[in-house]
Every structure is written in structure tokens, then in C-alpha cells.
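What the coordinates show
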Amino acid sequence: MKNTSLPRLVANAALIAAFITPSLTLQAQIPAKSYLRDTPNEIEREDPRVQQIIARAEEQFKLGELNLKDNKREAARQKFDQAVDTVLESGMDVRSNPRLQKFYLELVERVYRVEVPTQGLPATQGGALSVEVAQNGSAPPQIGFGDQKFEPSPLDEYSKLILTREETEVSNEQVAKLEDEIKTTLDFKFTPHARVQGFINFYQGRGRGTMETGMRRSGQFMTMARRIFREEGVPEDIAWLGQVESSWRPQVRSWAAASGLWQFIPSTGARFGLRQTAYVDERNSFEKATRASAKYLKWLANRYGGNWELAMGAYNTGEGNIDRAIRRAGSSDFWTIYPYIAQETRDYVPNILATILIGKSPQKYGFRNVQKMSPLSYDIVNVPSATSLHLIASLTDSNVDFLRSINPELRRDMTPPGEGYNIRVPAKRGGQLVALLKRIPTDRRDQLARVIPVAAGEDLQAVAARTGASLSQLQQWNGGVDLSKGGKVIVPTGRSVVQTAKVYERGRGSSTSIGSSLRMVAAQGGETIAQLAARVGASVDDVAKLNGMSAGTSLAHGQQVRVPSSGKPAAAAPSRRRR
């Protein structure tokens, strides 16, 4: 793809690092692999060519540095992109040549360091620049600023999936039934194929847990996704692509640095307007990434004459690889070019088609008791530049972990500096946040506070006596507030956002801890928030606030719920093991 930008370089570093693994892996919008050549003699014979490639790339990099010194940032980015493209478009398999691979990884990191230097960043916000290379493919690489947390992508597992003989035994009658369902159920056309039925068989058997988990989580995002796809002119049923891409988890990242619900690599995200800075990565945004995905799919469909199978294939492997397969096959039909594309993309498209069919008619395929999660509910508030999430959490009776979960595009525990920012906060807390933020002096927004209720007639002197805060502090933070009928008072804690952030960071680490005082508990089928809280010995109000739900909210079996870690250990809830 020729439309590139800086973030593409970061993704490519992770891409090449992951090539070290033995498995064949192909991710969203990542070019397919070429044949490995790893014999010593061949490597030696390639050395002169490698030297030429390195020299050309270095020349482009140096031109980029000169442009950057002249403050020609766009020209610099183009030269840096050309330096990387010199390696990628050389026709050599980078991972097969140790010297070229080493140079490439170092080149990408040098570009990243030049474009996003560490100096000038607030030291108090934690985290340093890093490009961590995954050595075994088992965990997604953490690229750039380290505050943002990620989960493994389901695409990494799908790339290793091999259907069994039983799953691929499909009759002509089954394929004919698929054709009938496509005509009567879906809002777009595709060609029925035995491979689609093979993935249906997989999900009805050993992949049932994976399908049920995705269907359950789809409830949070499907209404939004269908609306946006409809607005962008994409068949609404194709929104089920999100289940294969991320299992509807917005903080998923693949080994190739594809991120978010729709698994954009940085360069493609930038092509479709997703901002990526040291403070925000809109590939993880709910709404913006969904719209970008719909725009990209529409663009691909237009490229292939309205063929959505080819569009989905190109979404996975890149339009360049699909174009080459079409030229080789002499046809613009997905199943005709099938032998000329990588195995991962061969399986990607029928996997999505099977998921769409099951998602549209779950009962028909034996999925009768899947309880979908409720759509996410939140208020959106525009907050000033560089507002701390710790402060917002304290003013909305929430916590940083919950704010991060509904604002997954934020890479730091603060909103971007230099701009107002629309942040999501717990439902029905937006008005409270707006009112309370107005009270806090601009030079005191680096301090934490808590909000306490005040009885009718209670004055600030009484509040000072029971909270330990000084009267002068309370007057500074609550000037002009009428407490004659009661209300809320902001009480400064005397601790800075920086101090609390450090304590918070020390509390992170284990897979079951999501903060300094929280843990995750799996709900039992039909259980409410109040019942779960009683089971684990936690406050109903605390659990409800932590999860942005009411006490009576009904939970799906296995649904992960935040609870204070001080509660008693929860009984292990039975869950289906994902395969």
C-alpha cells in the first residue's frame, strides 16, 4: 500500500519480529509471506544484493533526517516511508536473511525515535518509549508508549487452525442448503462453498466456545456497527467480520501490531483517518475505527466491482496480493483465485461467511441459549487539555480501569495535551463531571479529590471537621456552592495525580489484577450484579459502579465483572474452554 505514514513503520517492526516464529501467520491488511530460503550458501550469495538494499534505504533515511531538520515533516515522513519500502519491496524475504532482518528492525526503530522523541513528554505520566520484539509469537508486541494494555488477537489462533477430516466432509446437499439460506437471509451475495460449511461444522463442535463468546460480546457493539455500516453503504451483515477480527474486544492486538475491534495496522488506519499519537490510538476507538473499517471495506468492494468476498480477502491480506492472484488466475472470482492466495486468507473469508450465517440464525445452528451483553452505555463529556483520568474517576464515582475500558483509544492515563477531548464516562455521570470540573482551579487539576455528599444545612466548616481537609482548601475548591439544600462537595486529598499514578502502576502486573485493588470474577448464568457482589463479599454499590451497571443488571454466564480485591474469593464458575 503506497499511502503510508509513520505508524506503519512501527507495525512493520513487529511484523518482521514475529516472522521468527515457525507458524504461518497472516493478519489484517498484512502482506502475505514469500518462500523461506535459509541455507547458508544462499544467504552468502544474497549478500551483495542485501548490501545494495541497505545502501538505498540508508540514503532515503538520511534524506528524511535532512527534511526533518528543515522542519519539512511531511517530506521527512515520505522519505522515511521510502526507506522502509526499499526493504519491503526489494523482492527478498526479510526474515530469511539475518543481516537484512537485523537492519530492518533497527531502521524502523530509528525512524520511530526520530519522529516521536522522548524529550518533551511529561515525565510524571509514566512509561518510556519502547519497541519490544516478540520472540515466540505467543504475546502481542507492545509498541511505542507502554501504558496502553492489550489482549491477544483471535486471528493469531485462527492462523494455526486446521479443520479436521470430519469437519471438511461436506455433502452437496449441505452446500445447496447454504445457497438457499444466502438468498433468503443475508443482505449481500456470496457463492456457497464446502469450505464455508466446514467452518460451520467447526463452530458447532470444538469451536463452539469461541462462537458463543463472540456472540455474547457482540451485544455490546453490534447495534453501533450495523448502523455505521449501513450509513457507509456496506451490507450490515458484514459487521460480523468484527467477531473474527477481534471477538469484539477493542483492546486486542495481533503479533503484527494490528489493533482494535477491526484490527487495523497503523498504516491502513492512517489511510482511513485514524489518528495515532503518543496519547491516543483511534484504531482502538469504538465508533471511529468502526467507521474506518466500513469505509475501507466499501473502498475495496468498489475496487472489485462490488464483490464482497474479494473485499474481505483484501481486508485480510491487502489489495496488492488479491490483485496479483486475480492476474494469475485470470478471474475476479474468490473461489477461482483461491489456490493463488495464502492459506490464512483462504480460510479467513469462509470463516467470516460461516460466522455471518450462524450470527444471523443462531438457533438454526444449535446456538439457542447465548445471552448477548447489553450495548455499552456512557455519557460523553468534553474535558480540557491533559486532564488526568485519575481526577475524572474521582469526580464520577468511578475508577481508572473502567474509564480505560470505555476509552480504549487512550494510550495514557490522561487526555491528549493541547486539545479538548471528548471522553466517555459512566452513564448519568456526565453532568456531575461538568459541574464539578468547573469548581476546580486550573492550577489544581494535578491534584486528586473525592466527592462526598453533604446533608441539607451542613456547612464547609462541618465538612472540614469530618474529612480532615482545611476550611481554606474546601473554600477554594467549592467557592460559591449553595449547600442549604445539601449536595456534593469536592474534598482535595492532598495527593497529586503523579503520586497516585505511581501507586496505581505498582498495583498492576498479574493477569487477574486490573489495578491496585481490583480483580475479575466470572458471573454465573442468570446472576445479577447484586447476587454476584453477595457471593464474593463485596459492596453491591461498589461492584455496580466499577462496572457501570445497576444492581439488578442480569449477567451472562462467564461474563467478567470487576470487583474489589478485598472481597472473599469467588467460587469458580464453570466455563467452556476455548479451543
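Residues numbered from 1 in each chain as written. Predicted model: local features only at pLDDT ≥ 70, side-chain atom pairs only at ≥ 80, totals over all residues. Heavy atoms only, no water.

Looking at unusual backbone geometry
Although it is not a glycine, Q263 adopts a positive phi angle of roughly 50°. Among the secondary structure elements, Q263 is positioned in the loop between β4 (252-253) and α11 (266-271). Despite not being glycine, A386 has its phi angle at roughly 50°, a positive value. Position of A386 relative to the elements: it lies in the loop between β5 (378-383) and α17 (389-395). The exposure class of A386 is partly exposed, given its relative accessible area of 35%. (Helix = DSSP H or I, 4+ residues; strand = E, 2+ residues; numbered from the N terminus. Buried < 20%, exposed > 50% of the residue type's maximum accessible area, 1.4 Å probe, protein only.)

Thoughts on the packing of aromatic side chains
Here the structure, examined in full by the defined rule, presents 16 aromatic pairs. Between the aromatic rings of F221 and W248, the centroid separation amounts to 6.4 Å while the plane-to-plane angle is 15°, which identifies the pairing as stacked. In this pair, F221 is assigned in helix α9 (residues 208-231) and W248 in the loop between α10 (241-246) and β4, connecting sequence segments 27 residues apart. Arranged with centres 4.9 Å apart and planes meeting at 45°, the rings of F272 and Y296 form a pair that is tilted. Here the residue F272 occupies a position in the loop between α11 and α12 (286-303), and Y296 occupies one in helix α12, the gap between them amounting to 24 residues. The buried category is assigned to Y296, whose relative accessible area is 0%. Put simply, the rings of F221, F229, W248, W262, F286 and Y378 pair up and form one aromatic cluster. One Lys or Arg, R208, reaches over the ring of F367 and ends 4.3 Å from the middle of that ring. It is R424 that lies over the ring of Y378; its NZ or CZ is 5.5 Å from the centre. (Phe/Tyr/Trp six-rings, centres within 6.5 Å; stacked < 30°, edge-to-face > 60°. Lys NZ or Arg CZ within 6 Å of the ring centre and 35° of its normal.)

A word on the packing of α9 against α12
Taken N-terminus to C-terminus, the directions of α9 and α12 make an angle of 40°; their axes are 9 Å apart at the nearest point. By the angle between their axes, α9 is oblique relative to α12. The chirality of how α9 crosses α12 is right-handed. Residues F221, M224, A225, R227, I228, F229 and E231 of α9 lie in contact with α12, whose contacting residues are F286, E287, T290, R291, S293, A294 and L297. Per-class residue counts for the contact of α9 with α12 are eight nonpolar, two polar and four charged. (Axes fitted to C-alpha atoms, helices over the stretch in contact; angles between N-to-C directions. Parallel < 35°, antiparallel > 145°, perpendicular 65-115°, else oblique. Left-handed = near helix turned anticlockwise from the far one by under 90°. Contact = heavy atoms within 4.5 Å. Nonpolar A, V, L, I, M, F, W, Y, C, P; charged D, E, K, R; others polar.)

Details of the packing of helix α8 (residues 194-204) against helix α16 (residues 343-360)
Closest axis-to-axis distance for the α8/α16 pair is 8 Å, and the angle between their directions is 65°. Taken together, the axis directions place α8 and α16 in an arrangement best described as roughly perpendicular. α8 and α16 meet at a crossing whose hand is right-handed. In contact with R195, V196, F199, I200 and Y203 of α8, α16 contributes Q343, D347, P350, N351, L353, A354, T355, L357 and I358.

Details of helix α19 (residues 430-439)
Every buried residue of α19 is accounted for by G430, Q432, L433, L436 and L437. Viewed along the axis of α19, the buried residues span an arc of 150°, placing them on a single side of the element. Projecting away from the buried face of α19 at angles above 90 degrees are the exposed residues G431 and K438. (Arc of directions from axis to C-beta.)

Looking at the confidence of the model for the protein chain
Per-chain confidence: the protein chain averages 77 in pLDDT, with 74% of residues scoring 70 or above. Here strand β1 (residues 129-131) stands out as the least confident element of the protein chain, with mean pLDDT 26; α12 is the most confident, with 97. Note that pLDDT drops below 50 for residues 495-516; the model gives that stretch 43 contacts with residues more than four away or on any other chain. (pLDDT = per-residue confidence, 0-100.)

A closer look at the environment of G418
Its location among the elements puts G418 in the loop between α18 (400-406) and β6 (421-426). Judged by relative accessible area, G418 falls into the exposed class, the value being 72%. Along the chain, G418 and A386 lie 32 residues apart, while their C-alpha atoms are 7.1 Å from each other.

Examining the pattern of salt bridges
Across all of its chains, the model carries 28 salt bridges by this definition. Residue E167 is joined to R206 by a salt bridge in which the shortest nitrogen-to-oxygen separation is 2.6 Å. You can see E167 sitting in helix α6 (residues 165-168) and its partner R206 sitting in the loop between α8 and α9, a full 39 residues away along the chain. Judged by relative accessible area, which is 7%, E167 ranks as buried. (Salt bridge = Lys/Arg side-chain N within 4 Å of Asp/Glu carboxyl O.)

A few points about the nonpolar core
Membership of the largest hydrophobic core comes to 67 residues, with the highest contact counts inside it found for F188, W262 and Y315. In this view, F188 contacts I182, P235, D237, I238, W308, M312, L353 and I356; residues no more than four positions away in its chain are not counted. Within the second largest apolar cluster, 22 residues are counted, among which are Y421, I423, V425 and W477. (Core = buried A, V, L, I, M, F, W, Y, C linked by side-chain atoms within 4.5 Å.)

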